[in-house]
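For reference, the chains in residue letters:
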Amino acid sequence: MNDDVRNIVLGLAASAISAAAGWFVRTYLWRRRLRRQQTFLGLPTGSECLLVVNQDPSASGHSVSRYDTFALLELSALIKECGAHADIVVHDTARQGFGTRTEFCVGGPASNRRTEAHLRSLLPGVEVNTDYENAPDGGAFTIGGETYRLEKGRTEYVLLARITGPQGGRPVFLSCGQRAVTNQAAIRHLARHHGRLARRYGLDGTFCLLLRVVNSDVYGPDMVEPVADVTAAATARTPAPGAASAG
């Protein structure tokens, strides 16, 4: 074997080794990222989760608004990426506890009875004014003494939360918005930034974030601004009247 042939053989061997090493590293990093994503979302391969669908309050029957439908589609893509399966249920037929399966609950308490129950049980520090038609602050959130009012099409708020019950188990992801477009905005924020959220709060962390959706009449669900981490205020329980004096 002359020098030219030997150099060609060595070059091909080096290229093959480099390609194999690159493939191994990329595969390892992809699998590591997927495992972290599955852990954070509570969606191991082959598992089942619950998609709780709300009802469009402006329509009769079991109708879902366009933006809420888009939110469900984005969640479906995220679930499929994890290799899990979704069981879709209407909000007023989901009569089961939480913790056994990961749950994605879409919609505010005016359109989703299960969201209303989760707020009472898991986020008692959040108050939502559901009287959209008759109250001047209809749709407003009150958290930790601060009120966040709805300005339709201009400034709207949504809560994005990852919470677990007292006994632990699989998480509940809650997208509780003042309008349907804000629900989709929160789900899109989760889909795009779940890696960053996992790094900040941990793979098993609990959080409740207040997001602001700006000029949705023009930009739809794309212009989202983080307002505050309201986890402490949202999870705080108000002492019952007379509890302090009883002590």
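Look up: the structure comes first, before these words.
Scoring rules and cut-offs
Residues numbered from 1 in each chain as written. Predicted model: local features only at pLDDT ≥ 70, side-chain atom pairs only at ≥ 80, totals over all residues. Heavy atoms only, no water. Helix = DSSP H or I, 4+ residues; strand = E, 2+ residues; numbered from the N terminus. Buried < 20%, exposed > 50% of the residue type's maximum accessible area, 1.4 Å probe, protein only. Contact = heavy atoms within 4.5 Å. Areas by Shrake-Rupley, 256 points an atom, 1.4 Å probe, with all protein chains shown as cover. Pairing = 2+ DSSP bridges. Axes fitted to C-alpha atoms, helices over the stretch in contact; angles between N-to-C directions. Salt bridge = Lys/Arg side-chain N within 4 Å of Asp/Glu carboxyl O. Phe/Tyr/Trp six-rings, centres within 6.5 Å; stacked < 30°, edge-to-face > 60°. Patch = residues over 30% accessible without salt bridge, like charges linked within 9 Å, V, L, I, M, F, W, Y side chains within 5 Å. Parallel < 35°, antiparallel > 145°, perpendicular 65-115°, else oblique. Left-handed = near helix turned anticlockwise from the far one by under 90°. Expected span 1.5 Å × (residues − 1).

Participant: Help me understand the overall build of the protein in this model?
Facilitator: When you go through the protein residue by residue, the secondary structure sums to seven helices and ten strands. Within the protein, the proportion of its 247 residues that are buried is 42%. Taking all contacts inside the protein whose residues are at least 6 apart in sequence as the whole, residues at least 24 apart take part in 66%. Looking at the protein as shown, the accessible area adds up to about 13,300 Å², and 52% of this sits on carbon and sulfur atoms.

Participant: Just to check I follow, could you spell out the sheet that holds strand S2 (residues 85-90) for this structure?
Facilitator: Whether parallel or antiparallel, the strands of a sheet pair through hydrogen bonds between backbone atoms. Strand order in this open sheet of seven strands is S2-S1-S3-S8-S7-S9-S10, and the pairing throughout is mixed. A single partner strand is all that each edge strand has here, and the edge strands are S2 and strand S10 (224-229). Across the sheet, the mean angle from the axis of one strand to that of its neighbour is 20 degrees, orientation sign disregarded. Pairing of strand S7 (residues 155-165) with strand S9 (residues 207-214) involves eight bridges; the strand directions are antiparallel. Bridge assignment links Glu156 to a residue of S9, and that residue is Val213.

Participant: For this particular structure, what's the right way to read the pattern of salt bridges?
Facilitator: Close approach of charged atoms lets side chains of opposite charge pair. Scanning the model with the defined rule gives eleven salt bridges in all. Arg120 serves as the salt-bridge partner of Glu116, at 3.6 Å between the closest nitrogen and oxygen. Placement of both Glu116 and Arg120 in helix H3 (residues 113-122) is noted, with a separation of four residues, approximately one turn of the helix. On the basis of relative accessibility, which here comes to 56%, the residue Arg120 falls in the exposed class. Within this structure, Glu74, Arg188, Arg192 and Asp222 form a network of salt bridges that share partners.

Participant: Sorry, what's going on with the packing of aromatic side chains here?
Facilitator: The description of an aromatic ring pair rests on the distance of the ring centres and on the angle between the ring planes. Across all of its chains, the model carries six aromatic pairs by this definition. Ring geometry for Phe40 against Phe173: centres 5.9 Å apart, planes inclined by 65 degrees, an arrangement best described as edge-to-face. One end of the pair, Phe40, is in helix H1 (residues 3-41); the other, Phe173, is in strand S8 (residues 168-177), with 133 residues separating them in the sequence. Assigned by exposure class, Phe40 and Phe173 land together as buried. Ring plane angle 10 degrees and centroid distance 6.3 Å describe the contact between Phe40 and Phe207, whose orientation is recorded as stacked. Of the two residues, Phe40 is situated in helix H1 and Phe207 in strand S9; the sequence distance between them amounts to 167 residues.

Participant: Looking at this structure, how should I read the pairing of strand S3 (residues 102-106)?
Facilitator: S3 sits mainly inside the fold: five of its five residues count as buried. Burial of S3 is two-sided: the residues Thr102, Phe104 and Val106 facing one way and the residues Glu103 and Cys105 facing the other way are all buried. Where strand S1 (residues 48-53) lies against S3, four bridges are found, and the strand directions are parallel. Paired with Leu50 across the bridge in S3 is Glu103. Here S3 runs beside S8; their pairing, made up of four bridges, is parallel. Within S8, the position partnered with Phe104 by the bridge is Phe173.

Participant: Sorry, what's going on with a nonpolar patch on the surface here?
Facilitator: Together, Val218, Tyr219 and Met223 make up a nonpolar patch on the protein surface, roughly 310 Å² of accessible area in all. Topologically, Val218 is positioned in helix H5 (residues 216-219).

Participant: Got a minute to help me understand the environment of Leu51 in this structure?
Facilitator: Along the chain, Leu51 falls in strand S1. Considering only alpha carbons, one finds Leu51 and His85, 34 residues apart in sequence, at a separation of 9.9 Å. Sequence-distant contacts of Leu51, defined by excluding residues within four places in its chain, comprise Leu72, Leu75, Ser76, Ile79, Ala86, Asp87, Ile88, Val89 and Phe104.

Participant: I tried to follow the packing of helix H2 (residues 66-81) against helix H4 (residues 180-201) on my own but got confused; where do I start?
Facilitator: Working note: a packed helix pair is described by the angle between its axes plus the distance between those axes. Where H2 meets H4, the axes come as close as 7 Å, and the angle between the chain directions of the two elements is 15 degrees. Our classification of the angle between H2 and H4 gives roughly parallel. Pair H2 / H4 crosses with left-handed handedness. Here H2 contributes Tyr67, Asp68, Phe70, Ala71, Glu74, Leu75 and Leu78 to the contact with H4, which in turn contributes Ala180, Val181, Asn183, Gln184, Ile187, Arg188, Ala191 and His194.

Participant: Looking at this structure, I do not really get H4. What am I missing?
Facilitator: Because an α-helix packs 3.6 residues into every turn, residues spaced three or four apart end up facing the same way. Between its first and last C-alpha atoms H4 spans 26 Å; for 22 residues at 1.5 Å apiece the expected length is 32 Å, and the helix comes up short by more than 12%. Residue Gly202 follows H4 closely and has a positive phi angle near 90 degrees.

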